[in-house]
Amino acid sequence: MSPILRLAMRVLTWLSLYANPTRFMNVSGMVLPWLWALAGILAVLGLYMGFLASPTDYQQGQTVRIMYVHVPAAWLAMMGYGMIFLSSLGSLIFRHPLADVSAKAAAPIGAAFTLQALVTGSIWGKPTWGTYWAWDARLTSFLILFFLYLGLMALWQAIEDQSKAGRAAAILAIVGSVNIPIIHYSVVWWNTLHQGASVFRADGPTIASVFLWPLFLMMGAFTLLFFALHLTAMRSEILRRRVASMLSRRADQAAIPPAIPAGQTS
Amino acid sequence: MMAPFLELLTRDVRLALREGGAIGTALGFYLIVVAILPLGLGPDLNLLSRIAPGILWVALLLSALLSADRIFHADHEDGTLEALSLGPLPLELVAAAKAIAHWLTTALPLALMAPLLGLMLNMEISAYPPLVGTMLVGTPAISFIGSIGAGLTLGLRRGGLLLSLLVLPLFIPVLVFGVGTISAILAGPGGFWAPLAILAAFSVAAIVLAPLATAAALRLHL
């Protein structure tokens, strides 16, 4: 067996371990405080290095510091959708019980980070480009990503049966995933106002390392923050579903009429 | 496989033509939207003629969306969809036949009506052929992507509104490249093949891939 195949089988086995919601709740409960703590430490370090200890750009001045918030938020917006895409595959192909929960939990978080990226980018655009908004390929495709997130959240809300809603949202997520490569390559395929790729490039980053280190710290902090938020949201959703099923069981029991003893009429 | 497919297609087209109301409503909506836009934008004919292709494209998208939720609605309500899913045609081909029927009975008439509405917007004569051409190339994508939304929102209250929210972001590339082709043609000879080819690629990809997603969505509701 090829090593990749073996690795894939290991990952799938590990994922299937967490199909049991109780085990998931236990493990995520143990992991979460560490995630929050690590995210907090990296955030403090990154914010200190980015806003206090790093130099200003020769052209942009102090406004370059928005990069330390805007770029991680944009990266997370795309990673959030990637998480939803993988969860959707897990839901449709593998019928993993927690895949639905994962996709539902990730949607509002991804939408929030997308909005944050759009707003911080807009604030950054005013001093550097002279405009809050431009209809270039990168910004437009990012706006489409935001609409896709909103559509997913609306679909989850509109269908009452949660497992049906999960599969419908999974189909929509997979259809919309074509947008992600479009976003990434939009600065390559079109002449855009938004700058080209300077970090995730085949030749390596083109940003000076004095800017790159705070950026990586902030990306790490945001990524851990996403996972912490995602796990928390998944736990809330599992608890919400447990409450809903307990309520419906209680309603069922209350609806069963008391037994009429034999020999009595009406 | 061809005979049941064509039968389903002709059945849907015949039903839509007999019913008449849906096609008429979509065309009427197109007419009214294009008519009130100059009232909002001001009667400056120069401005209107510059933005006419864009207005006509956007209004076409909205009008096509209006009728998208009826693609499966009637058959789902009376159980025909279940019967179709048990029949000789795979559900993907059922979805494809219904999307083609929607294109023939809604999107195509809208595209053919666009030049008449271009008169109201003082569109320049040289823009008429590119307008109709890009609409003919792009409307199959609209019908097929609309059918995905129709399948996902089947049976929901206010499903039509949700369908619009879900499907319009997926229409944006069609809109961008459709209007881009028209601008490229009007700007000068040559150079329009790129956006036109990408528009055609979207349509072809939608025709091939959308029925898969639509069928998956229909199976949810059956």
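Residues numbered from 1 in each chain as written. Chains lettered and ligands numbered in written order. Predicted model: local features only at pLDDT ≥ 70, side-chain atom pairs only at ≥ 80, totals over all residues.

## Focus on the overall build of chain A
Okay, so step 1: Each helix and strand counted, chain A has 8 helices and 0 strands in total.
Okay, so step 2: When the helices and strands of chain A are listed from N to C terminus, the series reads α-α-α-α-α-α-α-α.
Okay, so step 3: Over its C-alpha trace chain A gives a radius of gyration of 23 Å, far above what one expects of a compact globule, namely 18 Å for 266 residues.
Okay, so step 4: Taken along its principal axes, the extent of the C-alpha atoms in chain A is 95 × 45 × 40 Å.
Okay, so step 5: Scored against the burial criterion, the 266 residues of chain A give a buried share of 34%.
Okay, so step 6: For chain A, the share of sequence-separated contacts (at least 6 apart) that also reach a separation of at least 24 residues comes to 77%. (Helix = DSSP H or I, 4+ residues; strand = E, 2+ residues; numbered from the N terminus. Rg over C-alpha atoms; globule rule 2.2 N^0.38 Å. Buried ≥ 20, exposed ≤ 12 C-beta atoms within 10 Å, placed from the backbone. Contact = placed C-beta atoms within 7 Å.)

## Section: the overall build of chain B
Okay, so step 1: Within chain B, the regular secondary structure consists of 9 helices and 0 strands.
Okay, so step 2: For 222 residues, the compact-globule estimate of 2.2 N^0.38 gives 17 Å, and chain B sits close to it at 18 Å.
Okay, so step 3: Based on the C-alpha atoms only, the size of chain B along its principal axes is roughly 55 × 35 × 30 Å.
Okay, so step 4: Sorting the 222 residues of chain B into buried and exposed places 45% on the buried side.

## Side note on the nonpolar core
Okay, so step 1: If you look at the biggest cluster of nonpolar residues, it comprises 132 residues, and the most contacted ones within it are Leu155(A), Leu172(A), Leu56(B), Leu60(B) and Ile145(B).
Okay, so step 2: Tallying contributions element by element places helix 8 (residues 209–255) of chain A first for this core, with 15 residues.
Okay, so step 3: Not counting residues up to four positions away in its chain, the partners in contact with Leu60(B) are Tyr30(B), Leu110(B), Ala111(B), Ala114(B) and Met135(B). (Core = buried A, V, L, I, M, F, W, Y, C linked by C-beta atoms within 7 Å.)

## Comments concerning the interface of chain A and chain B
Okay, so step 1: Tallying the contact residues gives 16 residues for chain A and 13 residues for chain B.
Okay, so step 2: At the level of secondary structure, the elements contributing two or more residues to the side of chain A that touches chain B comprise helix 5 (137–158) and helix 6 (162–176) of chain A.
Okay, so step 3: The dominant element in the side of chain A that touches chain B, judged by the number of residues it contributes, is helix 5 of chain A, at 8 residues.
Okay, so step 4: When the residues that make up the side of chain A that touches chain B are grouped by side-chain class, the tally is 12 nonpolar, 2 polar and 2 charged. (Nonpolar A, V, L, I, M, F, W, Y, C, P; charged D, E, K, R; others polar.)

## Considering the packing of helix 7 (residues 128–152) of chain B against helix 8 (residues 159–187) of chain B
Residue and element names in this part refer to chain B.
Okay, so step 1: Two elements in contact, helix 7 and helix 8, have axes separated by 9 Å at closest approach and are oriented at 170°. One way to sum up the angle between helix 7 and helix 8 is to call them roughly antiparallel. Of helix 8, the residues touching helix 7 (which contributes Pro-130, Leu-131, Thr-134, Gly-138, Ala-141, Ile-142, Ile-145, Gly-146, Gly-149, Ala-150 and Leu-152) are Leu-163, Leu-166, Val-167, Leu-170, Phe-171, Val-174, Gly-178, Thr-181, Ile-182 and Ile-185.
Okay, so step 2: Class assignment of the residues belonging to the contact of helix 7 with helix 8 gives a composition of 15 nonpolar, 6 polar and no charged. (Axes fitted to C-alpha atoms, helices over the stretch in contact; angles between N-to-C directions. Parallel < 35°, antiparallel > 145°, perpendicular 65-115°, else oblique.)

## Here we look at the environment of Ser2(A)
Okay, so step 1: Positionally, Ser2(A) belongs in the segment before helix 1 (3–17).
Okay, so step 2: For the pair Ser2(A) and Gly121(A), spaced 119 residues apart in the sequence, the C-alpha separation amounts to 44 Å.

## Quick look at helix 9 (residues 193–221) of chain B
Okay, so step 1: Here helix 9 of chain B contains 29 residues, and its C-alpha end-to-end distance of 41 Å stays within 8% of the 42 Å for a straight helix at 1.5 Å per residue.
Okay, so step 2: In the structure, helix 9 of chain B departs most strongly from a straight axis at Leu209(B), where the bend amounts to approximately 35° and where the proline Pro211(B) lies between one and four residues downstream. (Expected span 1.5 Å × (residues − 1). Bend = angle between axes of the 7 residues up to and from the residue.)

## Some thoughts on the confidence of the model for chain B
All names here are of chain B.
Okay, so step 1: Here chain B shows a mean pLDDT of 92. Residues at 70 or above account for 100%.
Okay, so step 2: Per-element averaging of pLDDT across chain B places helix 4 (residues 70–77) at the bottom with 89 and helix 7 at the top with 95.
Okay, so step 3: Interface confidence for the predicted complex, given as ipTM, is 0.90, next to a pTM of 0.89. (pLDDT = per-residue confidence, 0-100.)

## Points about the environment of Pro108(A)
Residue and element names in this part refer to chain A.
Okay, so step 1: Here Pro-108 lies in helix 4 (residues 99–129).
Okay, so step 2: C-beta crowding within 10 Å serves as the criterion here: with 17 such atoms nearby, Pro-108 is assigned to the partly exposed category.
Okay, so step 3: Along the primary structure Pro-108 and Gln-253 are separated by 145 residues, whereas in three dimensions their C-alpha atoms are 35 Å apart.

## What about the packing of helix 3 (residues 67–94) of chain A against helix 8 of chain A?
Residue and element names in this part refer to chain A.
Okay, so step 1: Contact geometry of helix 3 with helix 8 gives a least axis separation of 9 Å together with a crossing angle of 40°. Looking at the two axes, helix 3 sits oblique to helix 8. Seen from above, helix 3 lies across helix 8 with right-handed handedness. In this structure, helix 3 uses Met-67, Tyr-68, Val-71, Pro-72, Ala-73, Trp-75, Leu-76, Met-79, Gly-80 and Met-83 to contact helix 8, whose residues at the interface are Pro-214, Leu-215, Met-218, Met-219, Phe-222, Thr-223, Phe-226 and His-230. (Left-handed = near helix turned anticlockwise from the far one by under 90°.)

## Thoughts on unusual backbone geometry
Apart from glycine, the bulk of residues carry a negative phi angle, and the bulk of peptide bonds sit in the trans form.
Okay, so step 1: Unlike most non-glycine residues, Arg95(A) shows phi in positive territory, near 55°.
Okay, so step 2: Considering the arrangement of structural elements, one finds Arg95(A) in the loop between helix 3 and helix 4.
Okay, so step 3: On the basis of neighbour counts, which here come to 12 C-beta atoms within 10 Å, the residue Arg95(A) falls in the exposed class.
Okay, so step 4: Non-glycine residue Asn122(B) carries a positive phi angle of around 60°.

## Focus: the environment of Ala96(B)
Residues and elements named next belong to chain B.
Okay, so step 1: Along the chain, the position of Ala-96 falls in helix 6 (residues 91–120).
Okay, so step 2: For Ala-96, a count of 24 C-beta atoms within 10 Å corresponds to the buried category.
Okay, so step 3: As a C-alpha pair, Ala-96 and Gly-79 span 17 residues in sequence and 19 Å in three-dimensional space.

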